[in-house]
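# Structure assessment
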Amino acid sequence: MAYPGESCESTMGAGGRMYVPPEKTEADVLKRVPYEKPPFTLGQLKKAIPPHCFQRSILHSFSYVVYDLTISFILYYVATNYFQLLPQPLSYIAWPMYWAVLGCVLTGVWVIAHECGDHAFSNHQWLDDTVGLVLHSCLLVPYFSWKYSHRRHHSNTGSLEKDEVFVPKKKSSLQWFSKYLNNPVGRVLTLAITLILGWPLYLLFNVSGRHYERFACHYDPYGPIYNDRERLQIYISDIGVLAVSYGLFRLAASKGLAWVFCVYGAPLLVVNGFLVLITFLQHTHPALPHYDSAEWDWLRGALATVDRDYGILNKVFHNITDTHVAHHLFPTMPRYHAMEATKAMKPILGEYYHFDGTPFFKAMWREAKECMYVEPDEDNKNQGVFWYRNKI
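Read on for a plain summary of the structure.

### Brief notes about the sheet that holds strand 1 (residues 290-291)
Strand order in the open sheet made by the 3 strands is 1-5-4, with antiparallel pairing throughout. The open sheet terminates on both sides in strands that have one partner only, identified here as strand 1 and strand 4 (373-375). Direction of pairing for strand 1 relative to strand 5 (residues 385-389): antiparallel, over a ladder of 2 bridges. What sits directly across from His-290, in strand 5, is Phe-386.

### Re the pattern of salt bridges
By the definition in use, this model includes 15 salt bridges. Between Glu-351 and Lys-31 there is a salt bridge, with the nearest N and O atoms lying 3.6 Å from each other. In this pair, Glu-351 sits in the loop between helix 14 (338-349) and strand 3 (355-356) while Lys-31 sits in the loop between helix 1 (26-30) and helix 2 (42-48), placing the two residues 320 residues apart along the sequence. Its relative accessible area of 48% is what places Lys-31 among the partly exposed residues. Within the structure, one salt-bridge network assembled from shared partners comprises Glu-26, Arg-308, Asp-356, Arg-366 and Glu-367.

### Quick word on the pairing of strand 5
The buried fraction of strand 5 amounts to 4 of the 5 residues, a majority that puts the element mostly inside the structure. Note that strand 4 and strand 5 share 3 bridges and pair antiparallel. Within strand 5, the position partnered with Glu-375 by the bridge is Trp-387.

### Here's the deal with the nonpolar core
Core analysis: the largest hydrophobic core is formed by 61 residues, its most contacted members being Trp-110, Trp-199, Phe-274, Tyr-310, Leu-313 and Phe-317. The residues contacting Trp-110, other than those within four sequence positions of it, are His-136, Leu-139, Val-141, Trp-146, Trp-199, Val-271 and Leu-275. Counting 17 residues, the second largest nonpolar core, distinct from the first, contains Phe-40, Cys-53, Leu-299 and Tyr-353.

### Thoughts on the packing of helix 8 (residues 184-205) against helix 15 (residues 360-370)
Contact geometry for helix 8 and helix 15: axes closest at 10 Å, N-to-C directions at 115 degrees. Considering their axes alone, helix 8 and helix 15 lie roughly perpendicular with respect to each other. Classified by chirality, the crossing of helix 15 by helix 8 is right-handed. Contacts between helix 8 and helix 15 involve Pro-184, Arg-187, Val-188, Leu-191 and Leu-195 from the former and Met-364, Trp-365, Ala-368 and Lys-369 from the latter.

### Topic: helix 9 (residues 231-255)
Compared with an ideal rise of 1.5 Å per residue, which puts 25 residues at 36 Å, helix 9 spans 36 Å between its outermost C-alpha atoms and is within 8% of the ideal. Residues of helix 9 that are buried include every one of Arg-231, Ile-234, Ser-237, Asp-238, Gly-240, Val-241, Leu-248 and Ala-252, and no others. Against helix 5 (125-138), helix 6 (143-155) and helix 10 (257-283) lie the buried residues of helix 9. Gly-256, located one to two residues past helix 9, shows a positive phi value of around 105 degrees.

### Things to note about the side chain of Thr-305
You can see Thr-305 is positioned in the loop between helix 11 (298-303) and strand 2 (307-308). Residue classification places Thr-305 among the buried residues on the basis of a relative accessible area of 0%. For Thr-305, the side chain forms a polar contact with the main-chain oxygen of Ala-302, separated by 3.3 Å. Beyond its immediate stretch of four places on either side in the chain, Thr-305 contacts Thr-157, Gln-282, His-283, Leu-288, His-324, Val-325, His-328 and His-354.

### Quick word on the environment of Val-325
Relative to the helices and strands, Val-325 is located in helix 13 (residues 324-329). Counting along the chain gives 29 residues from Val-325 to His-354, while the straight-line C-alpha distance between them is 8.1 Å. Setting aside residues no more than four positions away along its own chain, Val-325 makes contact with Leu-303, Thr-305, Val-306, Asp-307, Leu-349, Tyr-353 and His-354.

### Observations concerning the environment of Gly-117
In this fold, Gly-117 is placed in helix 4 (residues 88-117). Taking the C-alpha atoms as reference points, Gly-117 and Asp-128, separated by 11 residues in sequence, lie 7.0 Å from one another. Excluding residues within four positions of it along the chain, Gly-117 makes contact with Tyr-143, Trp-146 and Lys-147.

### Here we look at the packing of aromatic side chains
Counted by the stated rule, this structure contains 28 aromatic pairs. Cluster of aromatic residues (ring-pair linked, three or more members): Phe-73, Tyr-76, Tyr-77, Tyr-82 and Trp-259. Positioned above the aromatic ring of Trp-259 is the side chain of Lys-255, whose terminal nitrogen or guanidinium carbon lies 5.1 Å from the ring centre.

### Observations concerning a nonpolar patch on the surface
Residues Phe-73, Ile-74, Tyr-76, Tyr-77, Val-78, Tyr-82 and Leu-85 make up a contiguous nonpolar surface patch of about 690 Å² in total accessible area. Looking at where Val-78 falls in the secondary structure, it is placed in helix 3 (residues 58-82).

### Considerations on helix 6
Helix length check: helix 6 (13 residues) gives 18 Å between terminal C-alpha atoms against 18 Å at 1.5 Å per residue, within 8%. Burial of helix 6 is extensive: 11 of the 13 residues sit out of reach of the surface. Those residues of helix 6 lying buried are Tyr-143, Phe-144, Ser-145, Trp-146, Lys-147, Tyr-148, Ser-149, His-150, Arg-152, His-153 and His-154.

Definitions and limits used
Residues numbered from 1 in each chain as written. Predicted model: local features only at pLDDT ≥ 70, side-chain atom pairs only at ≥ 80, totals over all residues. Heavy atoms only, no water. Pairing = 2+ DSSP bridges. Helix = DSSP H or I, 4+ residues; strand = E, 2+ residues; numbered from the N terminus. Salt bridge = Lys/Arg side-chain N within 4 Å of Asp/Glu carboxyl O. Buried < 20%, exposed > 50% of the residue type's maximum accessible area, 1.4 Å probe, protein only. Core = buried A, V, L, I, M, F, W, Y, C linked by side-chain atoms within 4.5 Å. Contact = heavy atoms within 4.5 Å. Axes fitted to C-alpha atoms, helices over the stretch in contact; angles between N-to-C directions. Parallel < 35°, antiparallel > 145°, perpendicular 65-115°, else oblique. Left-handed = near helix turned anticlockwise from the far one by under 90°. Expected span 1.5 Å × (residues − 1). Polar contact = N/O pair within 3.5 Å; in protein donor to acceptor, adjacent residues only side chain to side chain. Phe/Tyr/Trp six-rings, centres within 6.5 Å; stacked < 30°, edge-to-face > 60°. Lys NZ or Arg CZ within 6 Å of the ring centre and 35° of its normal. Patch = residues over 30% accessible without salt bridge, like charges linked within 9 Å, V, L, I, M, F, W, Y side chains within 5 Å. Areas by Shrake-Rupley, 256 points an atom, 1.4 Å probe, with all protein chains shown as cover.

Put into structure tokens, the structure is as follows:
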């Protein structure tokens, strides 16, 4: 899928030949990344990136909004006007295809709102927040609530004490029933619950998030996640979600709950599932370390992420999947420059850059199996560096 303003420079070589990077073996993919303090600074990485990569364009950014919303409207129009004309067996195929395709496109819309939350959409904070609030509210996401917890995630990536999302547990903190889930059936059940319910559980109950001394909820303006300056905007986020929820209620009263589910609800489940999967795979990998307060620093934490390959979905998801390392190093950089920036940084990053081209469905299963908890190596003097394990 080609997006406006994109070129093929990153994939085409001289004479238009496709450049195919050498494939990594399984051992290469699972080889631990360095955990020592890197021999480069953030400033050196920034100097290696062409300056235009940090420039935000309103027209360029809005072109993605228009493109994604146009595709979404076309899919909606076809589904609501022509699916009813199909013979019944074909309609049973058409609707799931609509859910899957629209869910993927709307995941791209989610990513654009994410871009707004990181102030990477334009040079104007008010414009970023306006676009982000509208887009995220339409996907039932509390924009400002997520924006502020996500900002703290960027500030504390890889920290066992202060990171905000997919914080791994130590072995001593595992639930008593974990050993009964450490098998194929248990993993299927765990993955199904995570992909279907993981996002609302995170927003409502901070499941998989940072430990707080009291109840934490993204909809609570007075919860421990937020400070006094942020509370008014949490109310605004709640109003946005409530407004869209009321609109859906009115639609259900008019057209029926089944119609709302088929047209909107099922694609939203796909969006939520991909959101959780993408985030899980970006921060969960046998080769990635986590750090406690004795070892953690911002740069090593930001590097404790992995770029993944989702095939054609990389473009549909605006490269949130395969440029995540660059995103954590420079969150305000627009997504449409992240591929070029990643390429420019790789020679400096060296082994500190990690890419895993394993198909995402295979990687999901492997990480669910291998990454149950974290512990430091017994024979390592760096007891503040933690690695994933699975033996219970």
